[in-house]
Amino acid sequence: MSFREKTAWITLVTILSCFGAYYGAILSGVIRQTSWQAFHFGIMSIVGLVLLQVGLNLVAMLVTPRDSRSARDERELIIHARSHLVGYYVLMIGMAGTLIVTHLPMRGESLVDLIVRIVNVGIAAMACAALSVAIAQIVMLRRGY
């Protein structure tokens, strides 16, 4: 497995674990979406994501030092561009969903509840875009595009 594929797998696993825990707690009702507990859990999820990504990428870099320092070849540049194009479209669809959520307030919902819901949908859109980039990179690297 190449270093680029390892980093894509690291991104996929860390985003699924960190944001999966956050949104799992929100959607299951363990944490109320507008509570301070949800805010702190969200911050801890983001910090955990950063620490896991940095730590695991350092480990991957130490395991394959020569591969990690090599410049991207033409195939890897094309895969990078195509996967980010997929992520861009996923992000645009997610932002359209955020706009829809903005204009559909729930009955009896306060302004704070609406803002928190909008932020959660926006962050979910960004997480889905990053996941789609990682999945597209893994698929393209495995297929040899």
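Student: Run through the side chain of Ser83, naming residues and quoting values.
Tutor: If you trace the backbone, Ser83 turns up in helix H4 (residues 74–102). In this structure Ser83 comes out as buried when scored by relative accessible area, which is 0%. Polar side-chain contacts of Ser83 include one of 3.0 Å to the backbone oxygen of His80. Other than its neighbours up to four places away in sequence, Ser83 contacts Val133, Ala136, Gln137 and Met140.

Student: Tell me about a nonpolar patch on the surface, and name the residues and values.
Tutor: Taken together, the side chains of Leu85, Tyr88, Tyr89, Met92, Met95 and Met126 define a hydrophobic patch exposed on the protein surface, amounting to about 600 Å² of accessible area. By residue number, the principal contributor to the nonpolar patch is H4, which donates five residues. Looking at the secondary structure, you find Leu85 in helix H4. Owing to a relative accessible area of 45%, Leu85 belongs among the partly exposed residues under this scheme.

Student: Break down the packing of aromatic side chains for me, citing the residues and quoting the values.
Tutor: Enumeration according to the criterion identifies five aromatic pairs in this entry. Centroid distance Phe19 to Tyr23: 6.4 Å. Interplanar angle 35 degrees. Geometry classified as tilted. Highlighted residues: Phe19 and Tyr23, both in helix H1 (residues 3–28), separated by four residues, approximately one helical turn. Judged by its relative accessible area of 13%, Phe19 is buried. Measuring from centroid to centroid gives 4.9 Å for Tyr22 and Tyr23, while their planes differ by 75 degrees, and the two rings are edge-to-face. The pair formed by Tyr22 and Tyr23 is uniform in burial state, with each residue classed as buried. A connected cluster of aromatic rings, assembled from ring pairs, spans Phe19, Tyr22, Tyr23 and Phe41.

Definitions and cut-offs
Residues numbered from 1 in each chain as written. Predicted model: local features only at pLDDT ≥ 70, side-chain atom pairs only at ≥ 80, totals over all residues. Heavy atoms only, no water. Helix = DSSP H or I, 4+ residues; strand = E, 2+ residues; numbered from the N terminus. Buried < 20%, exposed > 50% of the residue type's maximum accessible area, 1.4 Å probe, protein only. Polar contact = N/O pair within 3.5 Å; in protein donor to acceptor, adjacent residues only side chain to side chain. Contact = heavy atoms within 4.5 Å. Patch = residues over 30% accessible without salt bridge, like charges linked within 9 Å, V, L, I, M, F, W, Y side chains within 5 Å. Areas by Shrake-Rupley, 256 points an atom, 1.4 Å probe, with all protein chains shown as cover. Salt bridge = Lys/Arg side-chain N within 4 Å of Asp/Glu carboxyl O. Phe/Tyr/Trp six-rings, centres within 6.5 Å; stacked < 30°, edge-to-face > 60°.

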